[in-house]
Amino acid sequence: MFEQIKKIVDKYLSSISFINDEMKTKAINYYISQGISLKEVEQEVSAICDKIQICEPIIQREILPNVLSNSIIFIGPMCSGKSTISESLKNTTEMPIISLDDREQLSKYYDRISQIKDLKDRELALVGYVLTEIKEPSIINFGAGHSIQENTISRIELERLISRFKNVVLLVPSKNKDISTRVLSKRIEERLKNEDEDSIKRKNTTNEHFIRCGYNERLAKYIIETEGKTIEECRDEIIKEIERNKNELER
C-alpha cells in the first residue's frame, strides 16, 4: 500500500519544490493510518495540489523583518482570552490589533478569498494574505479555527508561514487538557446561555477537539496558562517571556 500511495503522491507533488521526501512520507503514513482508499487518496492529493498552487505564492511572500520580530500572534481555542488579553497588551505596547474573525476590519481579504469553495482553504488563504501584508508590528488574533488544519499538507503550509514569526502565543487555561476542556466548556455555556443546547454542545465538541488535537502546541513559541490569573498577570507574563527570549537570542 505504501508504494501505491507513493506513486500517487509523487505524480501530483513531485514538482512542488518545498515538499521534500519527509513531508511526502508523513502524508503517505497518514493516509495508511486512516485506511483511505487509493481513489480517495488520488482525489485528495489532486485537491491538495490545486490548493498549494493557490496558497504557495501567498505564503512565500517577503515579510518585513520588524513585523516578524515584534508582532505577537495569539492562537487558542474559543473563550481562551485572546481578545481580552490583546486589548490589555495593546494599551501597553501601543501596537494595533488585527482580528482574523473581524470581517469588517479585513473586508478586502474576505472579498479576495470569497471564491475559494472550501472553508479551511479560505481560512488558510486569509491567514496568508493578512500575515504577509502587515506593514507594522501588530497583535494578530487568530479565530479558534484559523490555527487548526486537519489536512497534512495544509498544516505544513500553515506551520511554514507561522514559524517565521518570533512571537506566537498559545493561550489555554492549563496545559492539562482535561482542565482546559472543563474550564472552557463552562465559559462557552455562559457566553451562549441564550442559545439552544444543541448549539452549545456543538461548540463544546469542536472546542474540545481544538484543545486536544495538539496542532496549536506545534505552532506556539510560548504557552501561557491563564486559569487563576488576572488579565494583567497574563499580559505581563507574555511581555516577560518575549523579552527574556529576545535577550537570550542577543547574547
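Residues numbered from 1 in each chain as written. Predicted model: local features only at pLDDT ≥ 70, side-chain atom pairs only at ≥ 80, totals over all residues. Heavy atoms only, no water.

Across its full length, the protein holds 12 helices and 5 strands. Here the protein has a C-alpha radius of gyration of 19 Å; the compact-globule value for 251 residues is 18 Å, and the two agree. Across its three principal axes, the protein shows a C-alpha extent of roughly 55 × 45 × 40 Å. Buried residues in the protein amount to 49% of all 251 residues. (Helix = DSSP H or I, 4+ residues; strand = E, 2+ residues; numbered from the N terminus. Rg over C-alpha atoms; globule rule 2.2 N^0.38 Å. Buried < 20%, exposed > 50% of the residue type's maximum accessible area, 1.4 Å probe, protein only.)

The two faces of a sheet get side chains in turn, since along a regular strand they alternate between them. With 5 of 5 residues buried, strand β4 (residues 168-172) is to be regarded as a mostly interior element. Burial of the side chains of β4 extends over both faces: Val-168, Leu-170 and Val-172 are buried on one face and Val-169 and Leu-171 on the other. Pairing of strand β1 (residues 72-75) with β4 involves 3 bridges; the strand directions are parallel. For Phe-74, the partnering residue across the bridge sits in β4 and is Val-169. Inspection of the sheet shows β4 paired to strand β5 (residues 222-225) by 4 bridges, in the parallel sense. Within β5, the position partnered with Leu-171 by the bridge is Ile-224. (Pairing = 2+ DSSP bridges.)

Moving on, we get to the sheet that holds β4. Ordered in space as β2-β3-β1-β4-β5, the 5 strands form an open sheet in which the pairing is parallel. Pairing within the sheet leaves two strands with one partner each, and these edge strands are β2 (97-99) and β5. Within the sheet, the average angular offset between the axes of one strand and its neighbour, ignoring direction, is 25 degrees. Along the sheet face, helix α5 (residues 82-93) touches β1, β2, β3 (139-141) and β4 and points at about 170 degrees away from the line of β3. (Axes fitted to C-alpha atoms, helices over the stretch in contact; angles between N-to-C directions. Contact = heavy atoms within 4.5 Å.)

Here we come to the pattern of salt bridges. Tallied over the entire structure, the rule returns 17 salt bridges. One salt bridge in this structure joins Lys-193 and Glu-190, with 3.3 Å as the shortest N-O distance. By relative accessible area, which is 57% here, Lys-193 ends up exposed. By sharing partners, the salt bridges in this structure join Lys-6, Asp-10 and Lys-24 into a single network. (Salt bridge = Lys/Arg side-chain N within 4 Å of Asp/Glu carboxyl O.)

Moving on: a negative patch on the surface. Taken together, the side chains of Glu-195, Asp-196, Glu-197 and Asp-198 make up a negatively charged region of the molecular surface. Looking at the element boundaries, Asp-198 is found in helix α10 (residues 197-212). Looking at Asp-198, the relative accessible area reads 52%, which means it is exposed. (Patch = residues over 30% accessible without salt bridge, like charges linked within 9 Å, V, L, I, M, F, W, Y side chains within 5 Å. Areas by Shrake-Rupley, 256 points an atom, 1.4 Å probe, with all protein chains shown as cover. Lys, Arg positive; Asp, Glu negative; His and termini not counted. Charge placed at Lys NZ, Arg CZ, Asp CG, Glu CD.)

It is worth spelling out empty space enclosed by the protein at this point. Summed over all chains, the structure comprises 1 cavity of 30 Å³ or more. Taken together, Lys-51, Ile-52, Cys-55, Leu-124, Ile-153, Ser-154 and Glu-157 form the lining of the largest cavity. Going through the elements one at a time, α3 (38-59) and α8 (152-162) are the ones with two or more residues in the lining of the largest cavity. Looking at the lining of the largest cavity residue by residue, the class counts come to 4 nonpolar, 1 polar and 2 charged. (1 Å grid on protein atoms, 1.4 Å probe; cavity = no way out; pocket = protein on both sides within 12 Å on 5 of 7 lines; lining within 4 Å. Points joined across faces, edges and corners; volume = space filled by probe spheres on them. Nonpolar A, V, L, I, M, F, W, Y, C, P; charged D, E, K, R; others polar.)

Further remarks concern the layout of surface pockets. Considered as a void within the structure, the largest pocket measures approximately 870 Å³ in volume. Met-78, Cys-79, Lys-82, Asp-101 and Arg-191 are the residues nearest the centre of the largest pocket, which is lined by 38 residues in total. A per-class count over the lining of the largest pocket returns 15 nonpolar, 13 polar and 10 charged. The wall of the second largest pocket is formed by 14 residues, among which Ser-69, Asn-70, Asn-167, Ile-242 and Lys-246 lie closest to the centre. Of the residues forming the lining of the second largest pocket, the biggest block, 6 residues, is contributed by helix α12 (residues 231-250).

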